Amino acid sequence: MKYNDDANLDTSEVEDSRGSSGGGAGIGGGLLGLVLGGLLSGRGGKVGTGLGLLAIVGYLVFQFVGSANPKVASVLDQLGQNGQPATVDNTQIQKECKTGQDANNHLECAVVADINSIQDYWTVELPRLGRAYRPADTVWFNGQVSTGCGTADSGAGPFYCPADKLIYIDLTFYNDLKTRFGAQGGLFVDAYVLAHEYGHHVQDLLGIEANLRTRSGPTSDSVRLELQADCYAGVWAKHAREPDPSGNTIISDITQDDINRALDAAARIGDDYIQKKIGGGKVDPNSFTHGTAAQRTKWFTTGYQTGEPRKCDTFATSVLG
C-alpha cells in the first residue's frame, strides 16, 4: 500500500492524547487482566460489549464482562471510570504529518492518511444511503482512556463508542495483531482495522446499531453487525484510490498482497479462530459475537468486490457464510 506523495493530510481528524493517558495493561495484565479469568461468563447491557464499545476483536475484556457485574464495576472504579478525558495535543503530528510522503515514511502519518481517506469516502457515499455523514475523530491513547462508554484499557483494542461517537485506538494494537494473533500485518491491515471501526460509526448514523437485540450466537445481531462493518471496510477499500471531491487522492496503490494480508487478519480475529488458538481450544458458537474466520473474510471480500454498501446487508440474509 502506498500513499500519494502530494496528498494533503488533515490531522484535525485525530485527537492525540497519548502524552496524558494513564498507565495500563492489555488483556492478561493490570486490574482487568487479574479478574478476567473469573468473569468470562458475564453479560453486558448492550450489544457488542458490556460498556457499549464496538470493537474489531471479540476476545477482548469488555466483550465478555458487563459493567452490571459488581466485580467489574469495582475494577472500573479503580481505573477511574468517572475521570476526566485525557488532554489532546496534536502538536507533534501536525509538524510531522503534512503530506502523503510523510504517510509513506511514518506509521502515525499513515494512520492519519487512512482516517482522512475513510471519512472522505463516507462523506460522499452516506448521503446516497439517506443520511448525512457526521465526521468522527479517532482518539490515540496509551494504556487507558476515559470514554463516553466508560473507561477502557488497551486490552479493548480499537473500538467505536456510540455514546461520544469517537473511535479509540492504542497504536500498539497493530503490533499485537502480529505478535499475539500471528497476522502478517502491514499498512493496509492497519487501514482495514480503522475502516471496520468507521463502519460502526456509519451503522450508528444509519440507526442500525441502536436496533440490535441479540447479543451472542452464530446468527445473532451482534455477529451481523460486525460482519457488516467488515463489509463496509471492504467497500471503502474498493474506492480508496479515488480522489475526494476536492481532487485530493490520498492512496495511490493497493496491491493484491495488501488484500491478502487484510483477509489473513480478518480470519485471525474470527470468533472460532480466537477461541481455538487463544482461548484454550474449545469453540462455542453460542458465544460468538463477531463471526467466524470464514464469515469475516467473506464479508470483507463482498464489500471489496462489489464496492456497494447496499450489498452489505447482513441482516437481510439467512446465510452469513
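Before any of the text, the structure's been laid out above.
Residues numbered from 1 in each chain as written. Predicted model: local features only at pLDDT ≥ 70, side-chain atom pairs only at ≥ 80, totals over all residues. Heavy atoms only, no water.

**Points about the packing of aromatic side chains**
Selection criterion: Only centres within 6.5 Å qualify two rings of Phe, Tyr or Trp (six-membered ring in Trp) as a pair; their planes then separate them into stacked at under 30 degrees, edge-to-face at over 60, and tilted for everything else. Throughout this description, buried means an accessible area under 20% of the type-specific maximum (1.4 Å probe, protein chains only), exposed means over 50%, and partly exposed covers the range between. Counting from the N terminus, the helices are DSSP H or I runs at least four residues long and the strands are E runs at least two residues long.
The tally for this structure, following the rule as stated, stands at 6 aromatic pairs. Aromatic side chains Tyr121 and Trp122 sit 4.9 Å apart centroid to centroid with 70° between the ring planes, which places their arrangement in the edge-to-face category. Summarising the burial analysis for this pair, Tyr121 and Trp122 share the class buried. Measuring from centroid to centroid gives 6.2 Å for Phe188 and Trp236, while their planes differ by 15°, and the two rings are stacked. Taken together, the residues Phe188 in helix α8 (residues 187-206) and Trp236 in helix α9 (residues 221-239) connect sequence positions 48 residues apart.

**Description of helix α12 (residues 293-306)**
Quick reminder of the rule: The span one expects for a helix is its residue count, reduced by one, times 1.5 Å. Note on contacts: a residue pair is in contact if any heavy atoms of the two residues lie within 4.5 Å.
Relative to the 20 Å expected for 14 residues at 1.5 Å per residue, α12 spans 20 Å between its end C-alpha atoms, a close match to the ideal helical length. Within α12 the residues assigned to the buried category are Ala293, Gln295, Arg296, Thr297, Trp299, Phe300, Thr302, Gly303 and Tyr304. Next to the buried residues of α12 lie α8, α9, α10 (256-268) and α11 (271-277). Once α12 ends, the next one or two residues include Gly307, with phi positive near 65°.

**Focus: the environment of Ala113**
For Ala113, the location among the structural elements is in helix α6 (residues 107-125). Here Ala113 falls in the buried class, since its relative accessible area comes to 0%. For Ala113 and Ile251, which are 138 residues apart along the polypeptide, the C-alpha to C-alpha distance reads 8.0 Å. Apart from residues lying up to four places away in sequence, Ala113 is in contact with Tyr3, Leu9, Ala103 and Ile250.

**Comments concerning the side chain of Gln203**
As a reminder of what qualifies: Think of a polar contact as two N or O atoms within 3.5 Å of one another; within protein, one of them needs to be a possible hydrogen donor and the other a possible acceptor, and neighboring residues in sequence only count if both atoms come from side chains.
Inspection of the secondary structure puts Gln203 in helix α8. Separated by 2.8 Å, the side chains of Gln203 and His200 make a polar contact. Non-local contacts of Gln203, meaning those with residues more than four positions away in its chain, are made with Ile208, Glu209, Leu225, Gln228, Ala229 and Tyr232.

**Concerning the sheet that holds strand β3 (residues 54-55)**
What counts is decided by this rule: Only strands that DSSP links by at least two bridges are regarded as paired with each other. Lines fitted to the C-alpha atoms define the axes, with helices restricted to the stretch that makes contact. Angles between their N-to-C directions range from 0 to 180 degrees.
As summarised here, the arrangement of the 5 strands in space is β2-β4-β8-β7-β3, forming an open sheet in which the pairing is mixed. A single partner strand is all that each edge strand has here, and the edge strands are β2 (14-16) and β3. With 3 bridges connecting them, β2 and strand β4 (residues 138-140) associate as parallel partners. Of the residues in β4, the one forming a bridge with Val14 is Thr138. α6 contacts β2 and β4 of the sheet and is inclined by roughly 165° relative to β4.

**Focus on the state of the cysteines**
In a disulfide, the sulfur atoms of two cysteines are held together by a covalent bond. Test applied: Here, the term disulfide refers to a pair of cysteine sulfur atoms separated by no more than 2.5 Å.
The final tally for this structure, using the stated rule, is 3 disulfides. Between the sulfur atoms of Cys149 and its disulfide mate Cys161 the distance is 2.1 Å. Note on the Cys149 and Cys161 pair: the S-S dihedral is about 100°, so by sign convention the disulfide is right-handed. One end of the pair, Cys149, is in the loop between β5 (144-147) and β6 (150-153); the other, Cys161, is in strand β7 (residues 159-161), with 12 residues separating them in the sequence. The exposure classification of Cys149 matches that of Cys161, with both residues buried. Here Cys231 connects covalently by a disulfide to Cys312, the sulfurs 2.0 Å from one another. In this structure, the disulfide formed by Cys231 and Cys312 twists by about -70° around the S-S bond and is classed as left-handed.

**Digging into α9**
The end-to-end C-alpha separation of α9 is 27 Å, in line with the 27 Å expected for 19 residues at 1.5 Å each. The element α9 is extensively covered by neighbouring structure, given that 18 of its 19 residues are classed as buried.

**Overview of the packing of α9 against α12**
Basically, it comes down to this: Put simply, a crossing is left-handed when the front helix is turned counterclockwise from the back one by less than a right angle, and right-handed when it is turned clockwise.
At their nearest, the axes of α9 and α12 sit 6 Å apart, and the two run at 35° to each other. Between α9 and α12 lies a crossing of right-handed hand. Residue-level inspection shows Val223, Leu227, Asp230, Cys231, Ala233, Gly234, Val235, Ala237 and Lys238 of α9 in contact with α12, the latter providing Gln295, Arg296, Trp299, Phe300, Thr302, Gly303, Tyr304 and Gln305.

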